[in-house]
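One letter stands for each residue in the lines below.
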Amino acid sequence: MNKIIELDKKHDLIDKIKNKIAYIQDHPKISELRTKLYKIEQAEKMYIKQLELLKQAIITLENNLKNKEEELKKIDEDLYSGLIKDIKLLENIKNKEMNLQESKEQIEQELIENMDVVENLNIKIQKCKTKCDELKQIIENSNQKINEKLDEYTKKLYINLEQIEKFRSEINNENLTKYYNIRKRYKNALVKVENNICGGCNVELFMNKISKLDNDEIIECENCGRLMYK
Ligand SMILES: [Zn+2]
């Protein structure tokens, strides 16, 4: 009968190993790291997109600047050619020149500001890349450790499963069926009796039961149905 106690212990052990395997397969630290990595990768993508848009904007601004400069050059040629004698016309051209000069400076200012943003974005992208590489390395190392642990637990699991098979073959079928039926209901199908009290439901045993236990028998609790030993 004591084989059932050993079988029960093995089952508990196997449950523990299975829990450990389930836990490390879905390790909270790894999912946390993956979430972090995903967020940083998304941020990096966003910065890269912003950078691309900004570069396009800069090209447009540079073209605008070039046009303004050409226009300005033309106006200056007209203005200082000495050919235009009409004062009003000259004033008009001068105003135009001033306006052009102003918008040229505005574009230049905008370009400088955009260049600063480009620099900042490049720094941010670089930081993201470094952080992503770090995280990937940490995840890889952790995965390696997890796989080693998984191998170890899986081996343990198989060894214990084999031992369970051995115990099963040594226990008579009636007791085995009884044990497994109770195990379907309770995780602790087999309990120890202490102070004449069932370790599963805490109800006191009858005297005739106690004497059986004293003979190293395994009996059922009349209250909860669990198997008991002393
Ligand atoms: Zn009981």
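About the criteria used
Residues numbered from 1 in each chain as written. Predicted model: local features only at pLDDT ≥ 70, side-chain atom pairs only at ≥ 80, totals over all residues. Helix = DSSP H or I, 4+ residues; strand = E, 2+ residues; numbered from the N terminus. Rg over C-alpha atoms; globule rule 2.2 N^0.38 Å. Buried ≥ 20, exposed ≤ 12 C-beta atoms within 10 Å, placed from the backbone. Contact = placed C-beta atoms within 7 Å. Core = buried A, V, L, I, M, F, W, Y, C linked by C-beta atoms within 7 Å. Domains from an automatic or database assignment. Pairing = 2+ DSSP bridges.

Undergrad: Would you explain the overall build of the protein chain in this entry?
TA: What the protein chain contains, in helices and strands, is five helices and four strands. From first element to last, N terminus to C terminus, the protein chain shows the α and β order α-α-α-α-β-β-α-β-β. Computed over its C-alpha atoms, the radius of gyration of the protein chain comes to 41 Å, more than 25% above the 17 Å expected for a compact globule of 230 residues. C-alpha atoms of the protein chain, sized along the principal axes, occupy 135 × 35 × 25 Å. Classification of the 230 residues of the protein chain by burial places 9% in the buried group. Of the contacts made within the protein chain by residues no fewer than 6 positions apart, 72% connect residues no fewer than 24 positions apart.

Undergrad: What am I meant to see in unusual backbone geometry here?
TA: The phi torsion of most residues other than glycine is negative, and most of the peptide bonds are trans. For Asn-196, which is not glycine, the phi dihedral falls at a positive 60°. Backbone geometry at Asp-216 places phi at a positive 65°, although glycine is not the residue there. Within the element layout of this structure, Asp-216 appears in the loop between helix 5 (207-214) and strand 3 (219-220). Judged by the 10 C-beta atoms lying within 10 Å of it, Asp-216 falls in the exposed class.

Undergrad: What exactly am I supposed to notice about the nonpolar core here?
TA: Nonpolar side chains tend to gather and get buried jointly when the protein is soluble and globular. Counting residues in each nonpolar core, the largest one holds 13 residues, and the members touching the most others are Ile-4, Tyr-179, Ala-189, Leu-190, Cys-198, Leu-227 and Met-228. When residues of this core are traced back to their parent elements, those giving at least two are helix 1 (2-25), helix 4 (173-185), strand 1 (190-194) and strand 4 (227-229). Setting aside residues up to four positions removed in sequence, Tyr-179 forms contacts with Ile-4, Ala-189, Leu-190 and Leu-227.

Undergrad: Which parts of the structure should I look at to understand the domain arrangement of the protein chain?
TA: Accessible area lost upon the coming together of the parts serves often as the stated size of an interface. By the assigned domains, the protein chain splits into domain 1 (6-170) and domain 2 (176-229). Distance between the C-alpha centres of domain 1 and domain 2: 63 Å.

Undergrad: Could you clarify how one ought to interpret the sheet that holds strand 4 in this entry?
TA: Consider a sheet: its strands pair through backbone hydrogen bonds, and that pairing is either parallel or antiparallel. Taking strand neighbours across the sheet as the criterion, the four strands line up as 2-1-4-3 in an open arrangement whose pairing is mixed. In this open sheet, the two strands that pair with only one neighbour each are strand 2 (197-198) and strand 3. Sheet topology places strand 1 next to strand 4; three bridges connect them, and they run parallel. Its bridge partner lying in strand 4, Leu-190 is registered against Leu-227.

Undergrad: Where do I start with the pairing of strand 1 in this structure?
TA: Two faces, one strand: in a regular strand the side chains alternate between the faces of the sheet. Direction of pairing for strand 1 relative to strand 2: antiparallel, over a ladder of two bridges. What sits directly across from Val-193, in strand 2, is Cys-198. A loop of two residues connects strand 1 with strand 2, the two strands running antiparallel in sequence, and Asn-195 in this loop sits at a positive phi of about 55°.

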